[in-house]
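Take a look at the letters that make up each chain.
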Amino acid sequence: MPEAIKTENLTKRFAGLTAVEDINLAVPAGEIFGLVGPDGAGKTTLIRLLATILLRSDGDAQVGGYSVTDQAQLVRPLVGYMSQRFTLYVDLTVLENLRFFADIYRIPADVRAKRIEELLAFSQLTGFTERPAGQLSGGMKQKLALACTLIHEPRILLLDEPTTGVDPVSRRDFWKILSRLHQDGATIFVATPYMDEAERCQRVALMKDGKIVLCDSPANIKALVPGEVVAIEVGDAHQGARVLREHPLAMRVDMYGEVLHVYTDDAGVALPGFRRRLEEAGIGIVSIHPVELSMENAYIHLAGRIGGQTS
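Residues numbered from 1 in each chain as written. Predicted model: local features only at pLDDT ≥ 70, side-chain atom pairs only at ≥ 80, totals over all residues. Heavy atoms only, no water.

1. Quick word on the environment of Glu153
Part 1: Tracing the backbone shows Glu153 in the loop between helix H5 (138-149) and strand S8 (156-160).
Part 2: Engagement of the side chain of Glu153 in a polar contact is seen with the side chain of Arg115, the distance being 3.4 Å. (Helix = DSSP H or I, 4+ residues; strand = E, 2+ residues; numbered from the N terminus. Polar contact = N/O pair within 3.5 Å; in protein donor to acceptor, adjacent residues only side chain to side chain.)

2. Some details on the nonpolar core
Part 1: Ranked by size, the top nonpolar core spans 50 residues in total, and within it Leu98, Leu144, Leu146, Ile151, Leu159, Leu178 and Leu181 carry the most contacts.
Part 2: For this core, the leading source of residues is H5, giving six residues.
Part 3: If you look at the next biggest cluster of nonpolar residues, it comprises 26 residues, including Leu10, Leu35, Ala51 and Val75. (Core = buried A, V, L, I, M, F, W, Y, C linked by side-chain atoms within 4.5 Å. Buried < 20%, exposed > 50% of the residue type's maximum accessible area, 1.4 Å probe, protein only.)

3. Some remarks on the sheet that holds strand S4 (residues 32-36)
Part 1: With mixed pairing, six strands are arranged side by side in an open sheet as S7-S8-S9-S4-S10-S11. Sheet topology places strand S7 (79-82) and strand S11 (211-216) at the edges, where each strand pairs with a single neighbour. Strand-to-strand twist across the sheet, computed as the mean angle between neighbouring axes with direction ignored, equals 15°.
Part 2: Where S4 meets strand S9 (residues 187-191), four bridges bridge the pair, whose relative direction is parallel. By the bridge assignment for S9, Ile32 is matched with Ile188.
Part 3: Against the sheet, H5 makes contact with S7 and S8, and its axis sits at roughly 155° relative to S7, the strand it touches most. (Pairing = 2+ DSSP bridges. Axes fitted to C-alpha atoms, helices over the stretch in contact; angles between N-to-C directions. Contact = heavy atoms within 4.5 Å.)

4. Things to note about the pairing of S9
Part 1: Of all five residues making up S9, five are buried, and the element is well covered by its neighbours.
Part 2: Along S9, one buried face is formed by Thr187, Phe189 and Ala191 and the opposite face, lined by Ile188 and Val190, is buried too.
Part 3: As defined by bridge partners, S8 adjoins S9 across five bridges and the pair is classed as parallel. Paired with Leu158 across the bridge in S9 is Phe189.
Part 4: Taking the sense of rotation as the criterion, the β-α-β connection linking S8, helix H6 (residues 168-183) and S9 turns out right-handed. (Right-handed = clockwise from strand over helix to strand, strands pointing away.)

5. Some thoughts on the confidence of the model for the chain
Part 1: Scored by pLDDT, the chain has a mean of 92; 97% of the residues are at 70 or more.
Part 2: Confidence drops under pLDDT 50 across residues 307-311; counting only partners more than four residues distant or on other chains, this segment forms 14 contacts. (pLDDT = per-residue confidence, 0-100.)

6. Observations concerning the sheet that holds strand S12 (residues 228-234)
Part 1: Pairing is antiparallel across the open sheet formed by four strands, whose spatial order is S13-S14-S12-S15. Bordering the open sheet on either side are strand S13 (252-256) and strand S15 (285-291), each of which pairs with just one other strand. If you compare each strand with its neighbour and ignore which way they point, the axes differ by 20° on average.
Part 2: Bridge analysis of S12 against S15 gives six bridges, and the strand direction is antiparallel.

7. A short note on unusual backbone geometry
Part 1: In this structure, Asn9 is a non-glycine residue whose phi angle is positive, near 50°.
Part 2: Here Ala15, not a glycine, exhibits a phi torsion of approximately 45°, which is positive.
Part 3: Examined against the element boundaries, Ala15 turns out to sit in the loop between strand S1 (3-14) and strand S2 (17-23).
Part 4: On the basis of relative accessibility, which here comes to 91%, the residue Ala15 falls in the exposed class.

8. Description of the pairing of S13
Part 1: In this structure, S13 lies alongside strand S14 (residues 259-264), joined through five bridges in antiparallel fashion. Within S14, the position partnered with Met255 by the bridge is Leu260.
Part 2: In textbook terms, the turn of a hairpin is the stretch between consecutive antiparallel strands, and for S13 and S14 this stretch comprises two residues, one of which, Gly257, has a positive phi near 70°.

Next up, the structure:
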């Protein structure tokens, strides 16, 4: 399968700070590729380099088969770039924003109306064409931004944390749209702070200090975490964590609110002992059961090993 994105020692420096260093990636056409990492890891810089918004310091990248350095004018029509921040015109209506971007991309008049109609339906904004963009909900703003990104029918999408700050239902709807685009053959390169979104990707790269420290499928990344996980909801999570960290079968204990995730070699063997130790300490147990290891579990484990934090 041809590569939609390929980087070769791609590097970007800002006044002595190396934001992106020696990035080597190959993303096949039609793949959903996820990028995760702590704030300041270089995710936004990398995406802006691929979108030809920034000039590289060293190395190079090919997007759609063209160099971002020497053939940027050929790359730009192929990509749809969506930034972290809402950058549309808040005083323009939904329809006016779409028409404006159609003008920017010189969409022919004979296909413009039909394409806008399709994008409105695709993004579930048909009933909101006269509403100013600034009066849309967070989720609707993101859908409009994506619709404007798609107005010129790019086959490669570069999305920089597109659902940050959006409610869970809107995030789910946004990813339904991305899934349909993927089914139609689009390549999606997306940075995300949400591990459930990373799990939807075919491959995920973990970025830290401007470098890619790990790149693999979600299944293979989760396989790097030893042991199994027992989820325990207790009345006092801090006390429960302290007690279980002293248990010989507990390899690691993470807190998620009032729920503890306890890593152990064998959940079935360890679970009765965890229950008994908590009961002896007088800590009330709401529920206790094994759970499937998630990308969030894996990321916290791996970030701890490399000194990072979730963003």
